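Below are the chains, spelled out letter by letter.
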Amino acid sequence: MIKILANDGIDPIGKKMLEDAGFFVDTNNIPQDELPEKLKNYDAITVRSATKVRKALIDATPNLKLIGRGGVGVDNIDVDYAKEKGIGVYNTPASSSLSVAELVFASLFGAVRFLPDSNRKMPVDGGTKFNDLKKAYAKGVELRGKTLGIVGFGRIGREVAKIAIGVGMDVLAYDLFDFNPELDLVLGGGTTVKVAVKKSTLDEIITTADFITLHTPFIDKALFGAEELAKTKKGVGLVNISRGGLIDELALVDALNSGQVSFAALDVFDNEPTPRAEILTHPKISLTPHIGAATNEAQERIGVELASLIIEHFKKA
Ligand SMILES: O=C(O)[C@H](O)COP(=O)(O)O
């Protein structure tokens, strides 16, 4: 029987699909340092972003035939090395786009209405000071009519754009690769309308957008360092729900302190799972712990897609 270790878990529907197809699925989480020994007993491993499947682990587990990533980013896996060794590597790039895009807007709406501040301060300063707090927080802004710059216009960037257009924002989009600026916006009742974003340069987004959201992988350096942050429109709001490292965290803290950047909403960090204290405690940063894909719907789609890929792989083998 083929044994699969779902080390970062798998949705119950995906698990059942695998079991119905005759696989044994173990959802116990084995600590990273025990994997070189214990993974030897399995034919396949599935991971999210927590478990790392690096060269040393691959070398220690010669029986491994498949690595499944339930999600988009494969930066926690030595993909080329695994493939060289004949191991199948699969991810589920489309399943979580909408959930990530919705978290962008949860973060954006929250930040422009100071929800993170309220949640931090109300339990401490509430009670009789309630009215003072209300006045201090009351100067939020609306998103309608503001310009959103989307850096990275792949599956997630496109979902973000659809919501932004629905909200009434002007959308500037940039990608390293050419792209179709047209989108199908599905309205309530199933009506679909064609909408379009404005193709822009990165510089145009940096210098003119009211809010900027990042949807690219991390390649080798921050896209937003001190130089880029200094060129942004004064008071810009930044959202990073893609990969830690895309915004230089120390430069960001400086830009927040000077008021150049009014807020940042971060779901990803340089040092996951233990971000630096300056980021965790900054009053103008809205924090979420890498939960872009953490919805029932996304995890179910991911589990089903991953199970289908695994079943297909072993059918062919
Ligand atoms: O690359 C991804 O799919 C996201 O970062 C989600 O990561 P997660 O599976 O750990 O939630």
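Keep in mind that this is a model prediction, so the values were computed, not measured.

1. Things to note about the overall build of the chain
No. 1: Helix and strand counts for the chain stand at 13 helices and 14 strands.
No. 2: C-alpha extents for the chain along the principal axes are approximately 65 × 45 × 40 Å.
No. 3: If you take every contact in the chain between residues at least 6 apart in sequence, the share linking residues at least 24 apart comes to 59%.
No. 4: Total accessible area on the chain stands at roughly 15800 Å², and carbon and sulfur atoms take up 55% of it.
No. 5: Between the centroid of the 38 positive side chains of the chain and the centroid of its 42 negative side chains there is a distance of 3 Å.

2. Let's talk about the sheet that holds strand β5 (residues 88-91)
No. 1: The sheet built from five strands is open, its strands ordered β2-β1-β3-β4-β5 with parallel pairing. Lying at the two open borders of the sheet, with one neighbouring strand each, are β2 (24-26) and β5. The mean inter-strand angle of the sheet, taken between neighbouring strand axes irrespective of direction, is 15°.
No. 2: Relative to the sheet, helix α13 (residues 296-316) contacts β1 (3-6), β3 (44-47), β4 (66-69) and β5, its axis offset from that of β5 by approximately 160°.

3. Regarding the environment of Asp267
No. 1: For Asp267, the position within the fold is in the loop between β13 (261-266) and α12 (277-280).
No. 2: In contact with Asp267, not counting residues within four places along its chain, are Leu103, Asn240, Ile241, Glu272, Thr288, Pro289, His290, Ile291 and Gly292.
No. 3: Within polar-contact distance, the side chain of Asp267 engages the side chain of Thr288 at 2.7 Å.

4. Focus: the pairing of strand β11 (residues 211-214)
Regular strands place side chains that alternate from one sheet face to the opposite one.
No. 1: Burial along β11 is two-sided: Phe211 and Thr213 and Ile212 and Leu214, pointing in opposite directions, are all buried.
No. 2: As defined by bridge partners, strand β6 (residues 147-151) adjoins β11 across four bridges and the pair is classed as parallel. The residue of β11 that forms the bridge with Ile150 is Thr213.
No. 3: One ladder, built from four bridges, connects β11 with strand β12 (residues 236-240); its direction is parallel. Each bridged residue has a counterpart across the sheet, and for Thr213 the counterpart in β12 is Val239.
No. 4: For the segment spanning β11, helix α10 (residues 226-231) and β12, crossover handedness is right-handed.

Criteria and cut-off values
- Residues numbered from 1 in each chain as written.
- Predicted model: local features only at pLDDT ≥ 70, side-chain atom pairs only at ≥ 80, totals over all residues.
- Heavy atoms only, no water.
- Helix = DSSP H or I, 4+ residues; strand = E, 2+ residues; numbered from the N terminus.
- Contact = heavy atoms within 4.5 Å.
- Areas by Shrake-Rupley, 256 points an atom, 1.4 Å probe, with all protein chains shown as cover.
- Lys, Arg positive; Asp, Glu negative; His and termini not counted.
- Charge placed at Lys NZ, Arg CZ, Asp CG, Glu CD.
- Pairing = 2+ DSSP bridges.
- Axes fitted to C-alpha atoms, helices over the stretch in contact; angles between N-to-C directions.
- Polar contact = N/O pair within 3.5 Å; in protein donor to acceptor, adjacent residues only side chain to side chain.
- Buried < 20%, exposed > 50% of the residue type's maximum accessible area, 1.4 Å probe, protein only.
- Right-handed = clockwise from strand over helix to strand, strands pointing away.

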